[in-house]
Protein chains: 2
Amino acid sequence: METTNDGQVPRAVVHRLSLYLRELQQLMKNGRSTTSSTQLGKLLGFTDAQVRKDLAYFGQFGYPGIGYRCEELLVAIKNILGTDHEWPVAIVGVGNLGRALLGYRGFHNQGFRVVAAFDTDSKKVGEKIEGILVYPTEQISEVIRQHRIRLGMIAVPANSAQIVADELVRSGVEGIVNFAPVTLAHPAGVWVERVDLAIELEQLSFSVVNRQQNT
Amino acid sequence: METTNDGQVPRAVVHRLSLYLRELQQLMKNGRSTTSSTQLGKLLGFTDAQVRKDLAYFGQFGYPGIGYRCEELLVAIKNILGTDHEWPVAIVGVGNLGRALLGYRGFHNQGFRVVAAFDTDSKKVGEKIEGILVYPTEQISEVIRQHRIRLGMIAVPANSAQIVADELVRSGVEGIVNFAPVTLAHPAGVWVERVDLAIELEQLSFSVVNRQQNT
DNA sequence: TAGATTGTTAATCGATTAACAATC
DNA sequence: TAGATTGTTAATCGATTAACAATC
């Protein structure tokens, strides 16, 4: 019996699911056809118990005495994460970072396709970058609906991020990756993942300065 | 009395410290001179108790009945994070993403300065991007030592990320932000922050598909 | 003063790990 | 068979929240 969590899967578990997926893809690339909770745990620095517990939230995927079939577990995880079919994605902000995201191969490998980009700069509007047309921000709603886009990425300056987020939400976007270093307000039913590049370095700075004994 | 953690500050706490710092910067930009655990909590979606508990790991920064002086708390957090002085940083890999990182203003704002870039591509070597010279990867060790660089960012393809990481570590780098979608092996005493852009989208995909009731 | 807010202790809640029967 | 490994329960560990005296 569960406690209070009530079928809610912890964020941390879902995040590790993505990591398991990456390791499985790697293992398969290396020609491995089966793996085990011990192996996955070793690769990622988790205990074997944690790997099994995480997977147990979603079902039974292994074979006692054998382990997990890579292909099978990989497909199962993609199903859980929802990346068994391709997601069209929009990018708002075609500066340095936005351009890099437009050209990032890793998205397509994992089931995401950037289909539209937006910018306020009239010099950029109309341009095709990596084969993707840049629309004016005024057309966000129209284009998002046309393409049935449910996921967006924000790569605009901090001071316009909230306005862009509001517009994306109004247009029906349900998930946002926010690269601007601000906290976005958003309604329930919309999810935001914040990626703050400077924070990553800050975390390292702290670790180095405070020389912790953990890895 | 502490339990077993023994003065070790949880990662999550340090991460929230960075978020408090961002909010303080924002508040000050808006002309606020004091704040409170309640206000910080509301802005970030935490409880007031959590804010106070987090700060308590590092000392006493507030005034009962008053709250926190923004400027003062900001300086204190920068001290804790180690960003009270500037850190020189290296970037390996000058593809789409590497270039974007070279031009990212957010680093300098937070106390980081990219001082060197590396790439294997002889067409890129010697080029100056955003005022930063691109060196051949063979010179990683030499340049890193010259500039006393302790933090690096890896923006190379997945299959060469480990080799680059090893070389950075050999050169004395103590902290790495890894943008390649692979798990890096590394010795204790070296810290790695993994940023996997596709994983961010995967997490959103999961949330949208599984329509959780939390925010 | 009354109201606001801190720092901190104790209580609660949740997540990780250990252990083991069942299975191949 | 003996060895390996799962899924799951119970025990442990750690993190969050509630509560409140002290303070301004």
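Heads up: the structure comes first, above all this text.
Fair warning: this is a prediction, and the values are worked out from it, not measured in the lab. (Residues numbered from 1 in each chain as written. Chains lettered and ligands numbered in written order. Predicted model: local features only at pLDDT ≥ 70, side-chain atom pairs only at ≥ 80, totals over all residues. Heavy atoms only, no water.)

A.B. asks: Help me understand the environment of V115 of chain B in this model?
C.D. replies: Residues and elements named next belong to chain B. Take V115: it is sitting in strand 4 (residues 112-119). Between the C-alpha atom of V115 and that of R194, which follows or precedes it by 79 residues, the distance is 21 Å. Setting aside anything within four residues of it in sequence, one finds V115 in contact with P88, V89, I132, H147 and I149. (Helix = DSSP H or I, 4+ residues; strand = E, 2+ residues; numbered from the N terminus. Contact = heavy atoms within 4.5 Å.)

A.B. asks: What's the story with the interface of chain A and chain B in this structure? I'm lost.
C.D. replies: Many descriptions give the size of an interface as the accessible area lost when the pieces come together. At the interface, 72 residues of chain A touch 72 residues of chain B. On the chain A side of the contact with chain B, W191, L201 and E202 of chain A bury the most area, a combined 12% of that side's loss. Taken together, the connections running from chain A to chain B amount to six salt bridges. Of the charged contacts in the structure, one is a salt bridge between R211 of chain B and E174 of chain A, with a shortest N-O distance of 2.6 Å. The interface formed by chain A and chain B contains 26 residue pairs in polar contact (both at pLDDT 80 or more). By residue number, the principal contributor to the side of chain A that touches chain B is helix 9 (residues 197-210) of chain A, which donates 14 residues. Split into classes, the residues belonging to the side of chain A that touches chain B amount to 37 nonpolar, 22 polar and 13 charged. (Buried area = accessible area lost by both parts, 1.4 Å probe. Salt bridge = Lys/Arg side-chain N within 4 Å of Asp/Glu carboxyl O. Polar contact = N/O pair within 3.5 Å; in protein donor to acceptor, adjacent residues only side chain to side chain. Nonpolar A, V, L, I, M, F, W, Y, C, P; charged D, E, K, R; others polar.)

A.B. asks: It is not clear to me how the protein's contact with DNA strand D should be interpreted in this structure. Could you clarify?
C.D. replies: Around DNA strand D lies a shell of 23 residues, among which S37, R52, F61, G62 and Y68 of chain A are the nearest. Sugar and phosphate atoms form 69% of the subset of DNA strand D atoms that lie within 4 Å of the protein. Note that a phosphate oxygen of DNA strand D is positioned 3.0 Å from one of the backbone N or O atoms of F61 of chain A. Within the contact set of DNA strand D, a sugar or linking oxygen lies 3.0 Å away from a side-chain nitrogen or oxygen of Q50 of chain B. Contributing elements (two or more residues each) for the surface near DNA strand D: helix 3 (48-56) of chain A together with helix 3 (48-56) of chain B. Looking at the surface near DNA strand D, the element that brings in the most residues is helix 3 of chain B, giving four residues. For the surface near DNA strand D, the residue count by class is eight nonpolar, ten polar and five charged. (Near = heavy atom within 4 Å.)

A.B. asks: What is the right way to look at the protein's contact with DNA strand C in this model?
C.D. replies: What surrounds DNA strand C is a group of 23 residues, the closest being S37, R52, F61, G62 and Y68 of chain B. Taking the atoms of DNA strand C that fall within 4 Å of the protein, sugar and phosphate contribute 69% of them. The separation between a base nitrogen of DNA strand C and a polar side-chain atom of R52 of chain A is 3.3 Å. Residue F61 of chain B places a main-chain N or O atom 3.0 Å away from a phosphate oxygen belonging to DNA strand C. Breaking the surface near DNA strand C down by element, the ones donating at least two residues are helix 3 of chain A together with helix 3 of chain B. For the surface near DNA strand C, the element with the most residues is helix 3 of chain A, which contributes four residues. Here the surface near DNA strand C is built from residues that sort into eight nonpolar, ten polar and five charged.

A.B. asks: Is there a simple way to explain the pairing of strand 3 (residues 87-92) of chain A in this structure?
C.D. replies: Consecutive side chains along a regular strand alternate between the two faces of the sheet. Residues and elements named next belong to chain A. Across the six residues that make up strand 3, a large majority, five, are buried. The pairing of strand 3 with strand 4 (residues 112-119) spans six bridges and is parallel. Paired with W87 across the bridge in strand 4 is F112. Examined bridge by bridge, strand 3 and strand 7 (residues 151-154) share four bridges and lie parallel to one another. Residue pairing in the sheet places A90 in a bridge with G152 of strand 7. (Buried < 20%, exposed > 50% of the residue type's maximum accessible area, 1.4 Å probe, protein only. Pairing = 2+ DSSP bridges.)

A.B. asks: How do you make sense of the packing of aromatic side chains when you look at a structure like this?
C.D. replies: In this description, a pair of aromatic rings is defined by centroid distance and the angle of the planes. Summed over the entire model, instances satisfying the criterion amount to ten aromatic pairs over all chains. With a centroid separation of 6.3 Å and an interplanar angle of 80 degrees, the aromatic rings of Y20 of chain A and F46 of chain A are classed as edge-to-face. Of this pair, Y20 of chain A sits in helix 1 (residues 11-29) while F46 of chain A sits in the loop between helix 2 (37-44) and helix 3; the two residues are 26 residues apart in sequence, bridging distant segments of the chain. Summarising the aromatic geometry, the rings of Y57 of chain B and F58 of chain B are spaced 6.4 Å apart at their centres and angled 50 degrees between planes, so their arrangement reads as tilted. Given the relative accessible area of 24%, F58 of chain B is considered partly exposed. Each residue in the set Y57 and F58 of chain A together with F206 of chain B is aromatic and connected to the rest through ring pairs, giving one cluster. It is R16 of chain B that lies over the ring of F46 of chain B; its NZ or CZ is 5.8 Å from the centre. (Phe/Tyr/Trp six-rings, centres within 6.5 Å; stacked < 30°, edge-to-face > 60°. Lys NZ or Arg CZ within 6 Å of the ring centre and 35° of its normal.)

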